[in-house]
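Tertiary structure, described
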Amino acid sequence: MLPQIKTLVRQLLEGVKYLHDNWVIHRDLKTSNILYNNKGDLKICDFGLARQYGSPLRPYTHMVVTLWYRAPELLLGMSSGWLHAMLACMHTGLVRTV
């Protein structure tokens, strides 16, 4: 089961990298916005809160993600590291459900 989890996490990180390479922030990445089929394909969905970003960064509202999935940085008003914390929480959730 661990190889499947690693594959899911790898696909998720590749998807987030693709979004960021194309200057898109999802802003509502959580388990209910990730689709998974019986072939092992993972898809990121629900781009309703997604925003295009660039340089210089514009200020965005911090009230975007479902409360239960918010990273500590967002809840405490900090500015960096939120994506890594959220991905770590999602990875932990995948491991715990196995």
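Below: a short report on this structure. As the structure is a prediction and not an experimental result, all values here were calculated from the model.

Turning our eyes to something else, we now look at the nonpolar core. Leu8, Leu12, Val16, Leu19, Leu29, Ile34, Leu42 and Ile44 together form the largest nonpolar core, which totals eight residues. Broken down by secondary-structure element, the contributors of at least two residues to this core are helix 1 (2-21) and strand 3 (42-44). Looking at this core, the element that brings in the most residues is helix 1, giving four residues.

It is worth spelling out unusual backbone geometry at this point. Not every positive phi belongs to a glycine, and Trp23 is a case in point at roughly 60°. Residue Trp23 is classed as partly exposed on the basis of its relative accessible area of 43%. The phi dihedral of Asp46 falls on the positive side, at around 60°, and the residue is not glycine.

On to the pattern of salt bridges. Summed over all chains, the structure comprises three salt bridges. Put simply, Lys17 and Asp21 hold a salt bridge, and the shortest N to O gap is 2.7 Å. With a gap of four residues between them, Lys17 and Asp21 both fall in helix 1, about one helical turn apart. For Asp21, a relative accessible area of 47% translates into the label partly exposed. Of the charged contacts in the structure, one is a salt bridge between Asp28 and Lys30, with a shortest N-O distance of 3.8 Å. Exposure class is identical for Asp28 and Lys30. Each is buried.

Each value, and the rule that gives it
- Residues numbered from 1 in each chain as written.
- Predicted model: local features only at pLDDT ≥ 70, side-chain atom pairs only at ≥ 80, totals over all residues.
- Heavy atoms only, no water.
- Core = buried A, V, L, I, M, F, W, Y, C linked by side-chain atoms within 4.5 Å.
- Buried < 20%, exposed > 50% of the residue type's maximum accessible area, 1.4 Å probe, protein only.
- Helix = DSSP H or I, 4+ residues; strand = E, 2+ residues; numbered from the N terminus.
- Salt bridge = Lys/Arg side-chain N within 4 Å of Asp/Glu carboxyl O.

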